[in-house]
Amino acid sequence: MKYSIAIDGPAGAGKSTVAKLAAKRLGIPYLDTGAMYRATAVACKRHGIDVTDWEAVRAFLPQLKLEVRYLDSGEQRMLADGEDITHLLRTEDISQGASLVSMIPEVRDALVELQRDVAHRQAVIMDGRDICTNVLSDTPHKFFITASAEERANRRVKQLVEQGQPADYETILADIIRRDRQDSERAYMPLVCKEDTVKIDTTNLTIDEAVEALLQGVCE
Ligand code: DC
């Protein structure tokens, strides 16, 4: 692969599932950039920093020691201060914290630098909110993966039920809508789908169909 593949889209649209499968098929690494914002939110929480206090977060940034590592299986792990914190990233609290911390321009600039470092070394498939529009804006392979908010809430409920966790559809739908709004209305590098980007709506697609749509787009 000469060029990297950029994927943007709202929370829960299936970006990471599609990206992981496509990465395997293409034999290139997958970088989940949302995990980096989540890891930042975890690090802030551990240091007692309120992510809505931009000054406090900015002052903390020089101490933020984040690292992306890959296991032999290709699985991505996130380390903060040398400790693997991947298991702490997927709570509703951290989802909201990541969305809030991602509004801060200095946080975004620091994480984008790390993301570009990874992409400089080799072609990768990367997903997030500003990958097509900013991080990998030079690549010809740009995709926007989306689905209706209701379908995304249904998928999240199903996932939580399968994990034996409590799941209330209305609360989850409200969280999704709030996060969509925060991510697409923030002032700095908001989530947008531009005209040079191929849109894949997964509302009525299986995972395999979505992967095929993406791979077809890469080959065109
Ligand atoms: O993809 P995710 O749900 O794991 O991302 C968590 C939050 O991080 C999301 O609500 C917005 C933010 N994010 C971002 O602003 N830019 C990215 N490239 C990736 C994630």
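Data block above holds the structure.
Residues numbered from 1 in each chain as written. Predicted model: local features only at pLDDT ≥ 70, side-chain atom pairs only at ≥ 80, totals over all residues. Heavy atoms only, no water.

Q: What's the story with the site of the ligand in this structure? I'm lost.
A: Taken together, the neighbourhood of the ligand is formed by 16 residues, with Arg38, Arg108, Arg179, Asp183 and Arg186 sitting nearest. The side chain of threonine 33 places a nitrogen or oxygen atom 3.0 Å from a nitrogen atom of the ligand. Taking arginine 108, its side chain carries an N or O atom lying 2.7 Å from an oxygen atom of the ligand. Protein contact buries 95% of the 450 Å² of open area that the ligand shows by itself. Going through the elements one at a time, α2 (34–46), α4 (92–101) and α8 (169–185) are the ones with two or more residues in the shell around the ligand. By residue number, the principal contributor to the shell around the ligand is α2, which donates three residues. Looking at the shell around the ligand residue by residue, the class counts come to three nonpolar, five polar and eight charged. (Near = heavy atom within 4 Å. Polar contact = N/O pair within 3.5 Å; in protein donor to acceptor, adjacent residues only side chain to side chain. Areas by Shrake-Rupley, 256 points an atom, 1.4 Å probe, with all protein chains shown as cover. Helix = DSSP H or I, 4+ residues; strand = E, 2+ residues; numbered from the N terminus. Nonpolar A, V, L, I, M, F, W, Y, C, P; charged D, E, K, R; others polar.)

Q: Hey, could you run me through the sheet that holds strand β5 (residues 83–84) in this one?
A: Strand pairing in a sheet relies on backbone hydrogen bonds. The paired strands run either parallel or antiparallel. Within the open sheet, the three strands sit side by side as β3-β4-β5. Their pairing is antiparallel. With partners counted over all chains shown, the strands left at the sheet margins are β3 (66–70) and β5, one partner each. Taken together, the two bridges between strand β4 (residues 76–80) and β5 define a ladder with antiparallel strand orientation. Along β5, the bridge assignment pairs alanine 80 with glutamate 83. (Pairing = 2+ DSSP bridges.)

Q: Explain the packing of helix α1 (residues 15–26) against helix α9 (residues 207–219) to me, please; I cannot follow it from the model alone.
A: Each pair of packed helices can be described by the angle between their axes along with the distance between the axes. The contact between α1 and α9 brings their axes to 9 Å, and the two run at 60°. Accordingly, the angle class assigned to the pair α1 and α9 is oblique. The chirality of how α1 crosses α9 is right-handed. Mapping the contact onto sequence places Thr17, Val18, Leu21, Ala22, Arg25 and Leu26 in α1 and Ile207, Ala210, Val211, Glu212, Leu214 and Leu215 in α9. Of the residues in the contact of α1 with α9, the class split is nine nonpolar, one polar and two charged. (Axes fitted to C-alpha atoms, helices over the stretch in contact; angles between N-to-C directions. Parallel < 35°, antiparallel > 145°, perpendicular 65-115°, else oblique. Left-handed = near helix turned anticlockwise from the far one by under 90°. Contact = heavy atoms within 4.5 Å.)

Q: Help me understand the pattern of salt bridges in this model?
A: Opposite charge on two side chains permits them to pair, given that their charged atoms come into close proximity. Enumeration over the complete set of coordinates arrives at 18 salt bridges. Close ionic contact of aspartate 84 with arginine 77 constitutes a salt bridge, the shortest N to O distance being 2.9 Å. According to the relative accessible area criterion, aspartate 84 is partly exposed, its value standing at 29%. Two residues, lysine 158 and glutamate 162, come together in a salt bridge whose shortest N-O distance is 4.0 Å. Of this pair, lysine 158 and glutamate 162 both sit in helix α7 (residues 149–162), four residues apart, roughly one helical turn. Residue lysine 158 shares its accessibility class with glutamate 162, and that shared class is exposed. One salt-bridge network, in which partners are shared between bridges, spans Glu55, Arg58 and Glu106. (Salt bridge = Lys/Arg side-chain N within 4 Å of Asp/Glu carboxyl O. Buried < 20%, exposed > 50% of the residue type's maximum accessible area, 1.4 Å probe, protein only.)

Q: How should I be thinking about the sheet that holds strand β1 (residues 5–8) in this particular structure?
A: Overall, parallel pairing links the five strands, which are arranged β2-β6-β1-β7-β8 in an open sheet. Bordering the open sheet on either side are β2 (30–32) and β8 (198–201), each of which pairs with just one other strand. With strand direction ignored, the average angle separating the axes of adjacent strands in the sheet is 20°. Across the face of the sheet, α9 comes into contact with β1, β6 (125–128), β7 (141–146) and β8 while running at roughly 160° to β7.

Q: Looking at this structure, how should I read the packing of α2 against helix α5 (residues 105–121)?
A: Running from N to C, α2 and α5 cross one another at 130°; their axes reach a closest spacing of 11 Å. Compared by their axis directions, α2 and α5 come out oblique. For the element pair α2 and α5, the recorded crossing hand is right-handed. Facing Met36, Tyr37 and Thr40 of α2, the residues of α5 in contact are Val107, Arg108, Leu111, Val112, Leu114 and Gln115. Across the contact of α2 with α5, the residue classes break down as six nonpolar, two polar and one charged.

In short, the description is geometric, and any link to function would need to be established separately.
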